[in-house]
Amino acid sequence: MRRWMCSTVAAALLLGAAACGDDKAPATPANADSGATLTLWTRAATESVSKAYAAAYNATHKNQVQVTAYPNEEYPAKLASAAGAKALPDLFASDVVFAPQYASQGLWLDITDKFNALAVKDKVAPAHVRNGQWNKKNYAVPHTIDMSVMLYNKDLFTKAGLDPEKPPTTLQQFADDARAVNKLGGDIHGTYFGGNCGGCNVFTLWPSVWAGGGDVMNAEGTESTINGKEMSDVFALYRKLYDEGVAAPASKDEAGPTWLGALQSGKIGIAPAPSAWLGLIEEKATFKLGVAPISGMNGGESTFVGGDSIGIGATTKHATEAWDFLAWTLGDEAQVEVVAKGKGVPVRTDLASNKYSSADPRVVTINNLMGKGKTPYAKNFNATYNDPQSPWVTAFRGALFGDAKKSLDDGATALTASLKK
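Residues numbered from 1 in each chain as written. Predicted model: local features only at pLDDT ≥ 70, side-chain atom pairs only at ≥ 80, totals over all residues. Heavy atoms only, no water.

Side note on the overall build of the chain
Selection criterion: Secondary structure elements follow DSSP: runs of H or I of four or more residues count as helices, runs of E of two or more count as strands, with numbering from the N terminus. Restricting the calculation to C-alpha atoms gives the radius of gyration, and the globule rule supplies 2.2 Å times the number of residues raised to the power 0.38. Three labels apply to residues, based on accessible area from a 1.4 Å probe with only protein chains included: buried if under 20% of the type maximum, exposed if over 50%, partly exposed otherwise in between. Residues count as neighbours in contact if any of their non-hydrogen atoms are within 4.5 Å of one another.
When helices and strands are tallied, the chain shows 18 helices and 11 strands. Scaling as 2.2 N^0.38, a compact globule of 421 residues should have a C-alpha radius of gyration of about 22 Å, and the chain matches this with 21 Å. Oriented by its inertia axes, the alpha-carbon framework of the chain measures out at about 65 × 50 × 30 Å. Looking at the chain as a whole, 57% of its 421 residues are labelled buried. Pairs at least 24 apart in sequence give 78% of the contacts found in the chain among residues at least 6 apart.

Focus: the packing of aromatic side chains
Geometrically, a pair of aromatic rings is defined through the distance of the ring centres and the angle of the planes. Short version of the rule: For Phe, Tyr and Trp, rings pair up if their centres lie within 6.5 Å, where Trp contributes its six-membered ring, and each pair is then called stacked (planes under 30 degrees apart), edge-to-face (over 60) or tilted (otherwise). Geometrically, a lysine NZ or arginine CZ counts as sitting over a ring once it is within 6 Å of the ring centre and also within 35 degrees of the ring normal.
For the coordinates displayed, the defined rule picks out 24 aromatic pairs. Judged by centre distance (5.1 Å) and plane angle (85°), the rings of Tyr 57 and Phe 325 are edge-to-face. You can see Tyr 57 sitting in helix 2 (residues 47-60) and its partner Phe 325 sitting in helix 13 (residues 319-329), a full 268 residues away along the chain. On the accessibility criterion, Phe 325 (0% relative accessible area) is buried. Where Trp 206 meets Phe 381, the ring centres are 6.2 Å apart and the plane angle is 80°; that geometry is what we call edge-to-face. Here Phe 381 lies in helix 16 (residues 381-386) and Trp 206 lies in helix 9 (residues 198-211), a separation of 175 residues in the sequence. Taken individually, Trp 206 and Phe 381 each receive the classification buried, so the pair is uniform in this respect. Within the aromatic cluster, the residues linked to one another by ring pairs are Phe 203, Trp 206, Trp 210, Phe 235, Phe 304, Phe 381, Tyr 385, Trp 392 and Phe 396. One residue, Arg 130, lies across the ring of Tyr 377, its end atom 3.8 Å from the ring centre. Over the face of the ring belonging to Phe 401 we find Lys 252, whose NZ or CZ atom lies 5.4 Å from the ring centre.

Overview of helix 13
With 8 of 11 residues buried, helix 13 lies mostly within the body of the structure. Listing the buried residues of helix 13 in full gives Ala 319, Glu 321, Ala 322, Trp 323, Phe 325, Leu 326, Trp 328 and Thr 329.

Thoughts on the confidence of the model for the chain
Where we set the bar: Values of pLDDT, which run from 0 to 100, indicate the predictor's confidence residue by residue.
With 93% of its residues at a pLDDT of 70 or more, the chain has an overall mean of 92. The low-confidence segment residues 1-29, where pLDDT is below 50, has 84 contacts with residues more than four positions distant or belonging to other chains.

What to know about the nonpolar core
Our working definition: Note on terminology: a nonpolar core comprises buried Ala, Val, Leu, Ile, Met, Phe, Trp, Tyr and Cys residues joined through side-chain atoms within 4.5 Å.
Residues Trp 206, Met 231, Tyr 238 and Trp 392 are the most contacted members of the largest nonpolar core, which totals 66 residues. The residues contacting Tyr 238, other than those within four sequence positions of it, are Met 150, Leu 171, Phe 174, Phe 193, Leu 205, Pro 272 and Leu 400. Listed in part, the 61 residues of the second largest apolar core include Ala 54, Val 149, Tyr 192 and Val 305.

Description of empty space enclosed by the protein
This is how it is decided: Both cavities and pockets are sets of points on a 1 Å grid over the protein atoms alone; in a cavity a 1.4 Å probe fits but cannot get out, in a pocket the set is open with protein on both sides within 12 Å along at least five of seven lines, and lining residues sit with an atom within 4 Å of a point. Grid points are joined across faces, edges and corners, and a volume is the space filled by probe spheres set on the points. When residue character is reported, Ala, Val, Leu, Ile, Met, Phe, Trp, Tyr, Cys and Pro are called nonpolar, Asp, Glu, Lys and Arg charged, and the others, Gly included, polar.
In the structure shown here, the tally under the stated rule is 4 cavities of 30 Å³ or more. In this model, the largest cavity occupies a volume close to 70 Å³. In this structure, the largest cavity is lined by Leu 151, Tyr 152, Asn 153, Leu 263, Ile 268, Gly 269, Ile 270, Ala 271, Phe 287 and Leu 289. Put simply, the parts of the chain that give the lining of the largest cavity at least two residues each are strand 6 (141-153) and strand 7 (270-274). For the lining of the largest cavity, the element with the highest residue contribution is strand 6, accounting for 3 residues. Grouping the constituent residues of the lining of the largest cavity by class yields 8 nonpolar, 2 polar and no charged.

Some remarks on the environment of Asn 354
Heads up, the rule is: Polar contacts here mean pairs of N or O atoms no more than 3.5 Å apart (in protein, one a potential hydrogen donor and the other a potential acceptor; neighbouring residues in sequence count only if both atoms are side-chain atoms).
Positionally, Asn 354 belongs in the loop between helix 14 (332-340) and helix 15 (361-368). With near-sequence residues (within four places) excluded, Asn 354 lies in contact with Val 336, Ala 340, Pro 346 and Asn 367. In terms of polar contacts, Asn 354 uses its side chain to reach the backbone carbonyl oxygen of Leu 351, at 2.8 Å.

Quick look at the packing of helix 10 (residues 229-243) against helix 17 (residues 391-401)
We apply this condition: The angle between two axes is taken between their N-to-C directions and runs from 0 to 180 degrees, where each axis is a line fitted to C-alpha atoms and a helix contributes only its stretch in contact. Each angle gets one of four labels, with under 35 degrees taken as roughly parallel, over 145 as roughly antiparallel, 65 to 115 as roughly perpendicular, and the rest as oblique.
Two elements in contact, helix 10 and helix 17, have axes whose closest approach is 8 Å; the angle formed by their N-to-C orientations is 55°. What the angle tells us is that helix 10 and helix 17 run oblique. Here Met 231, Phe 235, Tyr 238, Arg 239 and Tyr 242 of helix 10 lie close against helix 17, whose contacting residues are Trp 392, Phe 396, Gly 398, Ala 399, Leu 400 and Phe 401. Of the residues that constitute the contact of helix 10 with helix 17, the class distribution is 9 nonpolar, 1 polar and 1 charged.

Here's the deal with the pairing of strand 3 (residues 91-95)
To keep it simple, the criterion reads: Being paired, for any two strands, means DSSP has found at least two bridges between them.
The buried fraction of strand 3 amounts to 5 of the 5 residues, a majority that puts the element mostly inside the structure. Note that strand 1 (residues 37-43) and strand 3 share 2 bridges and pair parallel. Paired with Leu 40 across the bridge in strand 3 is Leu 91. Relative to strand 11 (residues 305-312), strand 3 is paired through 5 bridges, and the arrangement is antiparallel. If you follow Phe 92 over to strand 11, its bridge partner there is Gly 311.

A word on the pairing of strand 8 (residues 289-292)
Burial of strand 8 is two-sided: the residues Leu 289 and Val 291 facing one way and the residues Gly 290 and Ala 292 facing the other way are all buried. Pairing geometry for strand 6 and strand 8, over 4 bridges, is antiparallel. Paired with Met 150 across the two strands is Ala 292, which belongs to strand 8.

Considering the pattern of salt bridges
Heads up, the rule is: Criterion for a salt bridge: a side-chain nitrogen of Lys or Arg within 4 Å of a carboxyl oxygen of Asp or Glu.
Scanning the entire structure with this criterion turns up 20 salt bridges. Between Asp 350 and Lys 123 there is a salt bridge, with the nearest N and O atoms lying 4.0 Å from each other. Linking Asp 350 in the loop between helix 14 and helix 15 with Lys 123 in the loop between helix 5 (112-116) and helix 6 (126-131), this pair joins segments that are 227 residues apart in sequence. The class for Asp 350 is partly exposed, based on a relative accessible area of 34%. Connected through salt bridges with shared partners, the residues Lys 123, Asp 332, Arg 348 and Asp 350 form a single ionic network.

So, in structure tokens, the structure goes:
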């Protein structure tokens, strides 16, 4: 799952990039649809959505948006180079967890007044909006949304004597259901997780902490609290499932690349996973797939609101036209006829149920989670959590397969030190 992983070198390059200076918008034509050609950069993971937005906008506007996508691993370094040369594109998207870092470095223009003037501003994904802020100013808006959910094999639930229409509502029930499926034996396992993947565990385990009323960091993203009770209890539950053989043995070394394939195989009962995998799994599946929110130990529900943010490049000469595009992407037409029609998650809470999603209650379930989830806010997020050499990997590996208490206590200290860099 390289979606949540970027190279240490690329991140370091970006941190060393020169800020683009003054974040005030340069002089631009008064006409927002002046016929300007706008450059938009994105990473490969978001290319299809970015191009769908651009195609729909281009068909009805004089302005024309040209999308260029770069491999996920190369993208941060590409942005760093452009920032250093003061030659950023008119618009650029990024993984939402990078947004605080880019905003703090002045790579996006301040769009606070423009965003606050939108009639729909209070309906735009709140967790994403928060991550696009720095010093109480807005620099980015949501571009794509991907969330973590529980995906479960309804056929295996039925064979195990479970009601396929009643997914678990607590993490304890999730564990019990996984154990029931595991008893089917053979090559069937109750659950699966990315035991060697920093981004995977952030994406799928943290929501259980949030649903239980806990947190993993302070609000400023400068202090780790992973050794708190909520996080410790979640790790203990997954550790027990692995020790019992309920979690597939491959979970221990899963670094991301084969995670999807494991769930597509039809041999796993229930597992937390990206919501975008609903369609990917069903393309190959011969079994019925169910969707449920990720819950806390004793109830509640939450999700990691992932995806990409997008802002206006600080060196643009077309700030007015670039904002015209961003404002359009947040409107009903774009969110329903581009995003929802393409089976994506709308970035607006009021569009969770629309003419396309309403055809599949599972999609409505996913969409409704957006307002309940979180996007962790931290300037130094990637180096602290996503990087394969991050202190987070050492901490969660120890919590799952080693000395749990020491790993979480030591991990909280190491993560706090990293977050403050």
